[in-house]
Amino acid sequence: MANRTSPSVTMTLTEVDALVDTVLNKKTRHLADPVKIWETGLAQANRNYVEARWPARRENAISRRSNTLNDAFRAVHGFYEAQWKIDRVWEISYRGKSYYERWELGYVCARTELDAANVGWAKYATMITVWTDVIRREGLGVREVKPGGWSEANKLNMEKAAQFSKKIAEVSESIKQYQAKLDGYRQQQLLLLEEVHGG
């Protein structure tokens, strides 16, 4: 069974369940706030929520309920327009000279992909110069992560910073090991040179 936690960063699980019940009921569907639907994150992906709330052994049962929920969301008046009225967290990346050179820079908050690209370029242009000397606006990548404001984006940035701290520690340890080997090689070289010149 999937974990029963709220898919939303701004709403409790009880509030999400109540909103879903309102949408699924045709008599109360007109009362549902389409902006709130997008804030739950269920408009983008509801499978984990469906599996957790209505456990089922058969795959077709899960898919059927997921599709039913998606159809109910789309039937809410103003559903499609509401997607541009919420803040989202976007991951900003950059692709260098080759296909394999891709760096995940960080996260920003914006409502649309274009806004996210503009914010990301302004925020991370300096960081791009650390990775490469090729700075191209078209190399910027934008990927929607989930609904959320700057607090959520900064939380993810802090997690990424912690990952870098771990990598720095690993690289530093490797440098120490190679430095020890290098010192050993140099000592051997000096001893050999002393023997050559002294012999």
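Scroll up a little and you will see the structure.
The sections below set out a description of the structure shown in this document. (Residues numbered from 1 in each chain as written. Predicted model: local features only at pLDDT ≥ 70, side-chain atom pairs only at ≥ 80, totals over all residues. Heavy atoms only, no water.)

### What about the overall build of the protein?
Here is step 1 of the chain: Counting its regular elements, the protein contains seven helices and three strands.
Here is step 2 of the chain: Relative to the 2.2 N^0.38 estimate, which gives 16 Å for 199 residues, the radius of gyration of the protein is 26 Å and therefore markedly larger than a compact globule would have.
Here is step 3 of the chain: Dimensions of the protein, computed from C-alpha atoms along their principal axes, come out at roughly 100 × 40 × 30 Å.
Here is step 4 of the chain: In the protein, which comprises 199 residues, the share counted as buried stands at 33%.
Here is step 5 of the chain: Partitioning the contacts of the protein with sequence separation of at least 6, the portion at a separation of at least 24 is 59%.
Here is step 6 of the chain: If the 30 positive side-chain charges of the protein are averaged to one point and the 25 negative ones to another, these points end up 7 Å apart. (Helix = DSSP H or I, 4+ residues; strand = E, 2+ residues; numbered from the N terminus. Rg over C-alpha atoms; globule rule 2.2 N^0.38 Å. Buried < 20%, exposed > 50% of the residue type's maximum accessible area, 1.4 Å probe, protein only. Contact = heavy atoms within 4.5 Å. Lys, Arg positive; Asp, Glu negative; His and termini not counted. Charge placed at Lys NZ, Arg CZ, Asp CG, Glu CD.)

### What about a nonpolar patch on the surface?
Here is step 1 of the chain: Nonpolar side chains collect at one region of the surface, where M127, V130, W131, F164 and I168 lie side by side and expose about 490 Å² of accessible area between them.
Here is step 2 of the chain: Contributions of two or more residues to the nonpolar patch are made by α6 (113-131) and α7 (150-198).
Here is step 3 of the chain: The element best represented in the nonpolar patch is α6, accounting for three residues.
Here is step 4 of the chain: Positionally, I168 belongs in helix α7.
Here is step 5 of the chain: Overall, I168 belongs to the exposed group, its relative accessible area being 53%. (Patch = residues over 30% accessible without salt bridge, like charges linked within 9 Å, V, L, I, M, F, W, Y side chains within 5 Å. Areas by Shrake-Rupley, 256 points an atom, 1.4 Å probe, with all protein chains shown as cover. Salt bridge = Lys/Arg side-chain N within 4 Å of Asp/Glu carboxyl O.)

### Considering the pairing of strand β2 (residues 102-110)
Here is step 1 of the chain: Of all nine residues in β2, seven are buried, a share of seventy percent or more.
Here is step 2 of the chain: The antiparallel pairing of strand β1 (residues 88-95) with β2 creates a hairpin that spans six residues between the two strands. (Pairing = 2+ DSSP bridges.)

### Some points on the pattern of salt bridges
Here is step 1 of the chain: Summed over the entire model, instances satisfying the criterion amount to 14 salt bridges.
Here is step 2 of the chain: Its salt-bridge partner being R4, residue D17 comes within 2.7 Å of it at the nearest N-O pair. A residue pair is termed long-range when its members are at least 10 positions apart, and D17 in helix α1 (residues 13-24) and R4 in the segment before α1 qualify at 13 residues.
Here is step 3 of the chain: Residue class for R4 comes out partly exposed when judged on its relative accessible area of 28%.
Here is step 4 of the chain: When the shortest N-O distance is used, the salt bridge between D87 and R111 registers 3.4 Å.

### Digging into the sheet that holds strand β3 (residues 140-147)
Here is step 1 of the chain: Taken together, the three strands give an open sheet; going across it, the order is β2-β1-β3, and neighbouring strands pair in antiparallel fashion. Each end of this open sheet is capped by a strand with a single partner; those strands are β2 and β3. Taken over all neighbouring pairs, the strand axes of this sheet differ in orientation by 25° on average, direction set aside.
Here is step 2 of the chain: Relative to β3, β1 runs antiparallel, the two being bridged by seven bridges. Residue pairing for β3: Y94 is matched across the bridge by L140.
Here is step 3 of the chain: Sitting on the sheet, α6 is in contact with β1, β2 and β3, with an inclination near 140° to β2. (Axes fitted to C-alpha atoms, helices over the stretch in contact; angles between N-to-C directions.)

### Let's talk about the packing of α1 against helix α4 (residues 59-74)
Here is step 1 of the chain: One way to put it is that α1 packs onto α4 with a least axis distance of 9 Å and a crossing angle of 80°. The angle between α1 and α4 falls in the class roughly perpendicular. Residues V20, V23 and L24 of α1 pack against T68, L69, A72 and F73 of α4.
Here is step 2 of the chain: When grouped by side-chain class, the residues that make up the contact of α1 with α4 number six nonpolar, one polar and no charged. (Parallel < 35°, antiparallel > 145°, perpendicular 65-115°, else oblique. Nonpolar A, V, L, I, M, F, W, Y, C, P; charged D, E, K, R; others polar.)

### Description of the nonpolar core
Here is step 1 of the chain: Core analysis: the largest hydrophobic core is formed by 23 residues, its most contacted members being V20, V23, I37, Y49, F73 and F79.
Here is step 2 of the chain: Element by element, the count of residues in this core is highest for α1, at five residues.
Here is step 3 of the chain: When near neighbours in sequence (up to four residues on either side) are disregarded, F73 contacts V23, I37, L42, A43 and F79.
Here is step 4 of the chain: Counting 12 residues, the second largest nonpolar core, distinct from the first, contains W103, L105, Y124 and I128. (Core = buried A, V, L, I, M, F, W, Y, C linked by side-chain atoms within 4.5 Å.)

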